[in-house]
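Summary of the model geometry
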Amino acid sequence: MDTNHIHVIFGASGDLAKRKLIPALYSLYVQNLMPEKFLIVGAARTDISNDGFRELMGESIKKFYRYDDFSKLNEFLKHLFYEKIQYDDINSYQNLSDKLNKFRVDKEINGNSIFYLSTPPSLYDVIPLNLALVGLNNESDGWKRLIIEKPFGYDLYSALKLKEMLLRNWKEEQIFRIDHYLGKETVQNLLVTRFSNGIFEPLWNRNYIHHIEVTSAEKIGVENRGGYYDNIGALRDMIQNHLLQVVGLIAMEPPSSLEPIFIRNEILKVFQSLHPIKIEEVPFVSVRGQYISSYVNDEYVKGYREENNISPESKTETYAALKFYIDNWRWGGVPFYVRTGKRLPTQVTEVVIHFKPTPHFLFSRKNIYEACNKLIIRIQPDEGMLLEIGIKTPGQGFEVQNIDLDFRYSELRNQRIPEAYERLLYDTINGDNTLFARTEEVIAAWKFLTPIIEAWKNNPDIPLYGYPAGTWGPLEANKLFEDKNITWHYPCRNLSDNNSYCEL
Ligand code: BG6
């Protein structure tokens, strides 16, 4: 397939382009993974020359590219151009189209193009429509791909509207919806762990698994994203997309091949099998919280309502925890617990598979929780896997203690873990949409969460618990577990230091 192309980044002067996209494209270039001929055209409202844009992006690469290899930087920057644009002015798009045509003739590149919308979601209707109006969606002279970032809508209604609006001018195969979690090496490893190891499949079901936890904790607060976050909250920001995608990969059936369509179909089936939560059940299967000020290591940490661009009366949740089920033969009756929050004690994302205890306790154990084997799949940081098993404590009698069999990615020699955006941009260039969200998945995820969104909005009896910054969120989240002996697994930055209230 011809992968030579022009890559247009709308919103090129924004944070995402500077921190992630341009450094990721540079990284692909350094690894000789960019096609022979390519141009990157930054498009935004800022008035800046080609040279000014190159200088700015050069600085970003120096700051955000993770490796110390800038030998190809000047060569790479020669591929960068800039075009000032007014997003709502059709003439701007006509100028862009003329410019792209000129580039194509000069550099002998056919019509292949990627349009990356690194812009606020409010422009997701304007830009694709205007591109289509000037014919930039037309594939007669080469492929055209549109990349959009989450959020894909704000609720079910707006997601359906966005779907309808995009599909009016673009085909589903042309739309690449980025969920950067799917670009993470360790998230992709969920597929490999499950389907390249015969030992897991017989155990990966309701007969052997007691419950499953997915946690994504962040140590940081809302930072400078208050304007966006205060309208979104943790449920929409993390669970609707990233964490449900992780659940999809854990719960899916084996695909019949690695063809994108087969993998995506299996994930979609999981989303469609999520047990619908009734609005009256919401108080019993969900907990929400908001961080309040506290002292962490003797330093004052602001509460959410004191952050920039946050309403002092904001009811937006910065912590969300859910319990739900998947209605199918593999998972019937197995609870899934998913939680996420900002200003928790540490940054960590992981999946914990809790296996059922042995049917008969031969050896003394304090509680059922202690006797469950656990498989921890660490997505970040200290990426790796850990299996917790019981062994005999050396000495008299038959005391049992748990030990860890663990593996860390850092133990692999000479292997660099690519950044999520590298993988996703590479796949877009190569037309592989396995790791992108399909419209039906997005809609199914919104449908599942709608009762929670509505109940949280309309039922004042559902509390929004305050939790001090630097703690693991509201203690009420433990009530989601029916058995008092079971609580959340408390991970630390270091994979093996689990279940302690790790240091802040
Ligand atoms: C983004 C959310 O999608 O993911 C952010 O909007 C969150 O609020 C981020 O901080 C987390 O990503 P990661 O890769 O740091 O886990």
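Residues numbered from 1 in each chain as written. Predicted model: local features only at pLDDT ≥ 70, side-chain atom pairs only at ≥ 80, totals over all residues. Heavy atoms only, no water.

**Observations regarding the overall build of the chain**
As a reminder of what qualifies: Only DSSP runs of H or I reaching four residues or more are called helices, and only runs of E reaching two or more are called strands; each is numbered from the N terminus. Radius of gyration: C-alpha atoms only; globule rule: 2.2 Å multiplied by the number of residues to the exponent 0.38. In this scheme, a residue with accessible area under 20% of its type's maximum is buried, one over 50% is exposed, and one in between is partly exposed, where area comes from a 1.4 Å probe on protein chains only. Charged-residue counts in this description rest on Lys and Arg as positive and Asp and Glu as negative, His and the chain ends being excluded. The atom standing in for a charge is NZ when the residue is Lys, CZ when it is Arg, CG when it is Asp and CD when it is Glu.
Across its full length, the chain carries 13 helices and 18 strands. Scaling as 2.2 N^0.38, a compact globule of 504 residues should have a C-alpha radius of gyration of about 23 Å, and the chain matches this with 24 Å. Reported as C-alpha extents along the three principal axes, the dimensions of the chain are approximately 80 × 50 × 50 Å. Sorting the 504 residues of the chain into buried and exposed places 54% on the buried side. Measuring between centres, the 58 positive side-chain charges of the chain sit 1 Å from its 66 negative side-chain charges.

**Focus on the nonpolar core**
In globular proteins that are soluble, nonpolar side chains generally tend to be buried together. As a reminder, the rule being used: To define a nonpolar core, start from buried Ala, Val, Leu, Ile, Met, Phe, Trp, Tyr and Cys residues and group those joined through side-chain atoms within 4.5 Å. Whether two residues are in contact is decided by their heavy atoms: any pair within 4.5 Å suffices.
Core analysis: the largest hydrophobic core is formed by 150 residues, its most contacted members being Phe10, Phe76, Leu131 and Phe324. Leave out the neighbours within four places in its chain, and phenylalanine 76 touches Ile22, Leu25, Tyr26, Tyr29, Phe38, Ile40 and Ile61.

**Comments concerning the packing of helix H7 (residues 185-195) against helix H9 (residues 233-251)**
Using the following cut-off: Interaxial angles span 0 to 180 degrees and are taken between N-to-C directions of axes, which are lines fitted to C-alpha atoms, for helices over the stretch in contact. Reported orientations rely on four angle classes, namely roughly parallel under 35 degrees, roughly antiparallel over 145, roughly perpendicular from 65 to 115, and oblique for the rest. The nonpolar class holds Ala, Val, Leu, Ile, Met, Phe, Trp, Tyr, Cys and Pro. Asp, Glu, Lys and Arg form the charged class, and all remaining residues, Gly among them, are polar.
Put simply, H7 and H9 touch, their axes get as near as 9 Å, and they point 10 degrees apart. Of the possible angle classes, the one that applies to H7 and H9 is roughly parallel. Between H7 and H9, the residues in contact are Val187, Leu190, Leu191 and Arg194 and Val246, Leu249, Ile250 and Ala251, respectively. When grouped by side-chain class, the residues that make up the contact of H7 with H9 number 7 nonpolar, no polar and 1 charged.

**Considerations on the state of the cysteines**
Applied cut-off: By convention in this document, the label disulfide applies to cysteine sulfur atom pairs within 2.5 Å.
Under the definition given, this model contains 0 disulfides. There is no disulfide at cysteine 372, and the cysteine sulfur nearest it, in cysteine 492, is 20 Å away. By relative accessible area, which is 5% here, cysteine 492 ends up buried.

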